[in-house]
Amino acid sequence: MPKIPVPTVAFTEPLTSPPRVHHPSTLAELLEVAGTRKRIVEAWGVSARTYDTRKRSPETCTVGELQQLARVLGVAEEELFAVVRAQASASQAGQPDDEQ
């Protein structure tokens, strides 16, 4: 069976020189490169503990949190939602994220 490509979301870190482009394929990877934990916690208006839960279990993210994350990163919501859906589906199926 052919391997289905994992969706990614691409964004550029504007304050780096030269600008770095990231292509994370999981919410955890996205949050790792999205900026500081504090930046996302403030954008979401949640505790650091809630942020950690969201990172481990993307299915616990609210639509509003994901929309805010897309705004903070300057990416299309559809791309970000595709990454989270793929990761949540893999988690529910008991598969590692890269074996979809």
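Before reading on, note that the structure itself is shown above.
In this text the structure is predicted, and so the values were computed from the model without any measurement.

Trainee: Can you walk me through the overall build of the chain in this structure?
Mentor: When you go through the chain residue by residue, the secondary structure sums to five helices and two strands. Counting every position in the chain, which comprises 100 residues, the buried fraction comes to 33%. Here the chain has roughly 6,000 Å² of accessible surface; of this, 53% comes from carbon and sulfur atoms.

Trainee: Can you walk me through the environment of Gly74 in this structure?
Mentor: Within the fold, Gly74 resides in the loop between helix 4 (63–73) and helix 5 (77–93). Residue class for Gly74 comes out exposed when judged on its relative accessible area of 65%. When the C-alpha positions of Gly74 and Thr12 are compared, they lie 8.7 Å apart, and in sequence the two are 62 residues distant.

Trainee: Honestly, the side chain of Glu65 in this entry has me stumped. Any pointers?
Mentor: Here Glu65 lies in helix 4. Owing to a relative accessible area of 7%, Glu65 belongs among the buried residues under this scheme. Discounting chain neighbours no more than four positions away, the residues touching Glu65 are Trp44, Val46, Arg54 and Thr60.

Trainee: Would you explain helix 2 (residues 37–44) in this entry?
Mentor: Listed in full, the buried residues belonging to helix 2 are Ile40, Val41 and Trp44. Viewed along the axis of helix 2, the buried residues span an arc of 100°, placing them on a single side of the element. Facing away from the buried side of helix 2 by over 90 degrees, the exposed positions are Lys38 and Glu42. Summarising the contacts, the buried residues of helix 2 are in contact with helix 1 (27–33), helix 3 (48–56) and helix 4. Of the residues flanking the end of helix 2, it is Gly45, one or two places downstream, whose phi is positive at about 70°.

Conventions we followed
Residues numbered from 1 in each chain as written. Predicted model: local features only at pLDDT ≥ 70, side-chain atom pairs only at ≥ 80, totals over all residues. Heavy atoms only, no water. Helix = DSSP H or I, 4+ residues; strand = E, 2+ residues; numbered from the N terminus. Buried < 20%, exposed > 50% of the residue type's maximum accessible area, 1.4 Å probe, protein only. Areas by Shrake-Rupley, 256 points an atom, 1.4 Å probe, with all protein chains shown as cover. Contact = heavy atoms within 4.5 Å. Arc of directions from axis to C-beta.

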